Amino acid sequence: MNPSDYVKEAYRHILRSDFAEAIVCFEAAIAASPADAEVRYRCSITYARSGMLDRALEHVAAAVKLDSSKPEYNLHLQHLQALMLVQEAKRLLEDERTRTHNPYHPITLLKEAISLDPLYGDAYVWLAIAHSRMNEHLQAIATLKEVMSLHPDDSGLRQLMKDLQKSLQSYLQ
């Protein structure tokens, strides 16, 4: 098969929600035509949807290297980088042992994630949580207000805001 046949087959698998087989087809298309940035980009999206962020990052980075003129490649790369930073920050926030080493490191990671992808709501939420854990409740509330402006109808964010406001009140007393 030629590369376009592999891509067509990949989309047939995607339509059947068989992402594992779609990835196999995309990888075959890449093996047949390694300099095709578009196939690498599409493969990256499929990897990302399958939760395989390392492989997704690898392919989109290759796509950007092959053709940096496509803004969608760069946006996807930045979004994946932001996802990875948020995952690392969450891991640090959830690990009791790492909190004492550098408690501000998750905040740094989350701010970088937001700079890479300013529309990634989870980064703001985790940044608000990180600030709250450092008893920086005003920064937490300000951060949460930012994400609420992106998602004004999100009831979960409204509840988190109430919780943060209670934390601030408790801290002030």
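Residues numbered from 1 in each chain as written. Predicted model: local features only at pLDDT ≥ 70, side-chain atom pairs only at ≥ 80, totals over all residues. Heavy atoms only, no water.

**Q** Report on the packing of aromatic side chains, specifying residues and quantitative values.
**A** All told, the structure shown has two aromatic pairs when counted by the stated rule. Geometrically, the ring pair formed by Tyr11 and Phe26 is edge-to-face, given 5.8 Å between the ring centres and 85° between the ring planes. With Tyr11 in helix α1 (residues 3–15) and Phe26 in helix α2 (residues 19–32), this residue pair connects regions lying 15 residues apart in the sequence. The exposure class assigned to Phe26 is buried, which follows from its relative accessible area of 0%. Geometrically, the ring pair formed by Tyr41 and Tyr73 is tilted, given 4.8 Å between the ring centres and 35° between the ring planes. In this pair, Tyr41 is assigned in helix α3 (residues 37–49) and Tyr73 in helix α5 (residues 71–94), connecting sequence segments 32 residues apart. Both residues of the pair, Tyr41 and Tyr73, count as buried. (Phe/Tyr/Trp six-rings, centres within 6.5 Å; stacked < 30°, edge-to-face > 60°. Helix = DSSP H or I, 4+ residues; strand = E, 2+ residues; numbered from the N terminus. Buried < 20%, exposed > 50% of the residue type's maximum accessible area, 1.4 Å probe, protein only.)

**Q** Explain α1 to me, and be specific about the residues and the numbers.
**A** Structurally, the α-helix is built with 3.6 residues per turn, so residues lying three or four positions apart point the same way. A rise of 1.5 Å per residue sets the reference length of α1, with its 13 residues, at 18 Å; its end C-alpha atoms lie 19 Å apart and thus fit the reference within 8%. Within the span of α1, buried status applies to Tyr6, Val7, Ala10, His13 and Ile14. Here the buried residues of α1 occupy an arc of 115° about the axis, which is enough to place them on one side. Buried positions along α1 lie against α2 and α3. Just downstream of α1, Ser17 is the residue with a positive phi angle, here 60°. (Expected span 1.5 Å × (residues − 1). Arc of directions from axis to C-beta. Contact = heavy atoms within 4.5 Å.)

**Q** Describe the state of the cysteines, listing the residues and the values that go with them.
**A** The full count for this structure, using the stated rule, is zero disulfides. With no disulfide of its own, Cys43 lies closest to Cys25 among cysteine sulfurs, the gap being 10 Å. Accessibility expressed as a relative area gives 0% for Cys43, which makes it buried. (Disulfide = S-S within 2.5 Å.)

**Q** If you had to explain the side chain of Ser44 to someone new, which residues and values would you point to?
**A** Along the chain, Ser44 turns up in helix α3. Exposure remark for Ser44: the relative accessible area of 0% places this residue in the buried category. Residues in contact with Ser44, not counting those within four places in the same chain, are Ala56, His59, Val60, His76 and Leu80.

**Q** Which residues make up the nonpolar core, and what values do they have?
**A** Nonpolar side chains in soluble globular proteins tend to be buried together. By size, the foremost hydrophobic cluster in this structure holds 53 residues, and its most contacted members are Phe26, Leu80, Val86, Leu110, Leu144 and Leu164. The element contributing the most residues to this core is α5, with ten residues. The residues touching Leu144, leaving out its near neighbours within four places in the chain, are Ala128, Leu157, Leu160, Met161 and Leu164. (Core = buried A, V, L, I, M, F, W, Y, C linked by side-chain atoms within 4.5 Å.)

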